[in-house]
Amino acid sequence: MASPLEELSLASYLSDPSRESLRRELDLFPEKMRYYLGNPLEHALQGDVYDQKHFVVTRGNGEIIRRLTRIMIVSNSCDISGENERPLPVSVLVAPLASMAKLRETFAKGGYAKDSIESRLRSIRMQETTDMFFLPGGGELEEDSVVLLDAIQAVRREFLQLPDKRLCTLSQAAFYMLLIKLSVHLCRAGERIDREAA
C-alpha cells in the first residue's frame, strides 16, 4: 500500500489549511496520530464505529446466523444521511470489528508460530494489510480492534438507527487513511493484470 503521505493528492477536496493540518497529523503516524474526534458530530459519518448492531454471519458449515456486534459504517456520509430523500429504500454498507486479542487467538488456533503472529499483527497495526483497517483502543473503544473489510454487507438504513450507540468518529487523518485503505481494497488500480490480452 502506498504511504498516506504519497497519496495526499487524494485530499484535494480540503482547504489548504486543512490539507496542511492533515499532512502534519499523518507525519505522526503510527505512534502519535490522533485517530478519533473528542466530540463526535451529531449526524452519522463514514467511518463511525457503533456498538451492538445486527450483523449476518455465515459459518464454515454454511449455517447463517444473526448476531450483535460492533460495526463500522463503510458507505459515504452523504448516502447514510437521513436528510437525503431517495425514491428507493437506502442500504448502508457496514463491516464488522474484531478485537486484536481475538485475532491473535485465531492465528494461534490456526497453528501459526508466535513470531509469525507478531509479524502479522505488526503489519495490521501499520495499516499494511489491504483487507483490515486497524483501530487503536481509545475513548469508547476499549481495546485495539480491526475492521474486517472483506466482510462488508448491506443493511437497511432505518434498521441501523444511526447514530445510536456510536463508539467513535474518525479524525480527519484516520478518515483519510480509511479512504486510502478502501480504495486499495476495493479498487486496486495497480492489479498487474493485462486486460487487453486476448
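Report on the accompanying structure.

## Quick notes on the packing of aromatic side chains
Enumeration according to the criterion identifies two aromatic pairs in this entry. Ring geometry for Tyr35 against Tyr36: centres 6.1 Å apart, planes inclined by 50 degrees, an arrangement best described as tilted. Neither Tyr35 nor Tyr36 differs from the other in exposure class; each is buried. Aromatic pair Phe107 and Tyr112: ring centres 5.9 Å apart, planes at 75 degrees, arrangement edge-to-face. What makes Phe107 buried here is its relative accessible area of 11%.

## A few points about the pattern of salt bridges
What the rule picks out here adds up to ten salt bridges. The closest approach of N and O atoms between Glu63 and Arg59, which form a salt bridge, is 3.1 Å. The residue Glu158 makes a salt bridge to Arg156 at a minimum N-O spacing of 2.7 Å.

## Focus on helix 3 (residues 100–109)
Every buried residue of helix 3 is listed here: Met100, Leu103 and Phe107. With its buried residues spanning 55 degrees around the axis, helix 3 presents them on a single face. Where helix 3 is buried, its residues contact strand 3 (91–99), helix 4 (114–125), strand 4 (132–135) and strand 5 (145–148).

## A word on the environment of Thr129
With respect to the element layout, Thr129 can be found in the loop between helix 4 and strand 4. Taking the C-alpha atoms as reference points, Thr129 and Val184, 55 residues apart in sequence, are found 9.8 Å from one another. Discounting residues that sit within four places of it in the chain, Thr129 has contacts with Ser123, Ile124 and Lys181.

## What to know about the nonpolar core
Core analysis: the biggest nonpolar cluster contains 36 residues, and Tyr35, Met72, Ile124, Phe133, Leu135 and Leu170 have the highest contact counts within it. Going through the elements one at a time, strand 3, helix 3, helix 4, strand 4, strand 5, strand 7 (166–168) and helix 6 (172–186) are the ones with two or more residues in this core. Here this core gets eight residues from one element, more than from any other, and that element is helix 6.

## Let's talk about unusual backbone geometry
Across the junction of Leu162 and Pro163, the peptide omega takes the value 0 degrees, indicating a cis bond. Looking at the secondary structure, you find Pro163 in the loop between helix 5 (157–160) and strand 7. Even without a glycine there, the phi angle at Gln161 is positive, about 55 degrees. Positionally, Gln161 belongs in the loop between helix 5 and strand 7. A relative accessible area of 51% places Gln161 in the exposed class.

## Points about the pairing of strand 3
Most of strand 3 is tucked away, with seven of its nine residues classed as buried. Across three bridges, the pairing between strand 2 (residues 64–73) and strand 3 is antiparallel. Bridging across to strand 3, Met72 finds its partner in Ala95. Relative to strand 5, strand 3 runs antiparallel, the two sharing three bridges. Counterpart to Leu97 in the pairing with strand 5 is Val147.

## Brief notes about the packing of helix 3 against helix 4
Look at helix 3 against helix 4: their axes get within 10 Å of each other, and the N-to-C directions meet at 145 degrees. Taken as a pair, helix 3 and helix 4 cross one another with a handedness that is right-handed. Between helix 3 and helix 4, the contacting residues are Met100, Leu103, Arg104, Phe107 and Ala108 on the first element and Ile117, Glu118, Arg120, Leu121, Ile124 and Arg125 on the second. Its residues assigned to classes, the contact of helix 3 with helix 4 comprises seven nonpolar, no polar and four charged.

What counts and how
- Residues numbered from 1 in each chain as written.
- Predicted model: local features only at pLDDT ≥ 70, side-chain atom pairs only at ≥ 80, totals over all residues.
- Heavy atoms only, no water.
- Phe/Tyr/Trp six-rings, centres within 6.5 Å; stacked < 30°, edge-to-face > 60°.
- Buried < 20%, exposed > 50% of the residue type's maximum accessible area, 1.4 Å probe, protein only.
- Salt bridge = Lys/Arg side-chain N within 4 Å of Asp/Glu carboxyl O.
- Helix = DSSP H or I, 4+ residues; strand = E, 2+ residues; numbered from the N terminus.
- Arc of directions from axis to C-beta.
- Contact = heavy atoms within 4.5 Å.
- Core = buried A, V, L, I, M, F, W, Y, C linked by side-chain atoms within 4.5 Å.
- Pairing = 2+ DSSP bridges.
- Axes fitted to C-alpha atoms, helices over the stretch in contact; angles between N-to-C directions.
- Left-handed = near helix turned anticlockwise from the far one by under 90°.
- Nonpolar A, V, L, I, M, F, W, Y, C, P; charged D, E, K, R; others polar.

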